Amino acid sequence: MTVTADPPAPAARARGMQWSDVAWVAAVAVVVLLFMGVAERIAYRGRVMPGIKIDTLDVSSERELTAYAAIQRFGRELAREPIHGSTNGHQLVADPTSLHLRIDARATVRRAREAGRSRNPISQVLGTLLRHVRPDHVKPVVTFDASAAD
């Protein structure tokens, strides 16, 4: 009796991560992140983006009118507190009313709304991720009388 056997199949190569697999994973991750950035911009239209703070005031995810009211309250509180500073080793204290210190709430809300909205897609995606880890701080728009400060 004669037995014939098929030639042995090539041994299945132990398949690890190939460069093509890494490229596919990276491409999928980039597409998902871009989608997240676009979805966030759409979801927060008319609102401040999540993770935005103005000094110590958290205005993240607030509607414009709510953020505007919060900034106005914040400005009134700052206008009552003495301003502390130092120069050349001397401690200085100033009354905000004598400096005519004022926070421009409209310009500050505009600045807060623009924060996190970039035309650069890479910056937009990174900002979406980073704002969930740590807040973006926006400086308030402040005006004062420079001659009174002198």
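In what follows, the structure referred to is the one given above.
Below you will find a few notes about this structure.

Basis of the calculations
- Residues numbered from 1 in each chain as written.
- Predicted model: local features only at pLDDT ≥ 70, side-chain atom pairs only at ≥ 80, totals over all residues.
- Heavy atoms only, no water.
- Core = buried A, V, L, I, M, F, W, Y, C linked by side-chain atoms within 4.5 Å.
- Buried < 20%, exposed > 50% of the residue type's maximum accessible area, 1.4 Å probe, protein only.
- Helix = DSSP H or I, 4+ residues; strand = E, 2+ residues; numbered from the N terminus.
- Contact = heavy atoms within 4.5 Å.
- Salt bridge = Lys/Arg side-chain N within 4 Å of Asp/Glu carboxyl O.
- Patch = residues over 30% accessible without salt bridge, like charges linked within 9 Å, V, L, I, M, F, W, Y side chains within 5 Å.
- Areas by Shrake-Rupley, 256 points an atom, 1.4 Å probe, with all protein chains shown as cover.
- Pairing = 2+ DSSP bridges.

Counting residues in hydrophobic clusters, the biggest one holds 16 residues, and the most contacted among them are Val 48, Ile 52, Ile 54, Leu 57, Val 59, Ile 71 and Ala 112. If you list the elements that add at least two residues to this core, you get β1 (52–54), α2 (64–80) and α4 (105–114). Sort the elements by how many residues they give to this core and α2 lands first, with 4 residues. Excluding residues that lie within four positions of it along the chain, Ile 52 makes contacts with Leu 57, Asp 58, Val 59, Ser 60, Ala 112, Ala 115, Arg 131, Asp 136 and Val 138.

This brings us to the pattern of salt bridges. Within this structure, the stated rule accounts for 3 salt bridges. Residue Glu 40 pairs with Arg 131 through a salt bridge whose shortest N-O separation is 2.5 Å. Placement of Glu 40 in helix α1 (residues 19–43) and of Arg 131 in helix α5 (residues 121–131) is noted, with a sequence separation of 91 residues between them. A salt bridge links Asp 136 to Arg 134, with the nearest nitrogen and oxygen atoms 2.4 Å apart. We classify Arg 134 as partly exposed; its relative accessible area is 36%.

There is a patch of nonpolar side chains on the surface, built from Trp 24, Val 28, Val 32, Phe 35, Met 36, Ile 122, Leu 126, Leu 129 and Leu 130 and spanning about 920 Å² of accessible area. The element contributing the most residues to the nonpolar patch is α1, with 5 residues.

Reading across the sheet, the 3 strands line up as β2-β1-β6 and stay open at both edges, with mixed pairing between neighbours. Across the chains shown, the open sheet's two edge strands, defined by having one partner strand only, are β2 (57–58) and β6 (136–138). In this sheet, β2 lies alongside β1 in antiparallel orientation, the contact comprising 2 bridges. What sits directly across from Ile 54, in β2, is Leu 57.

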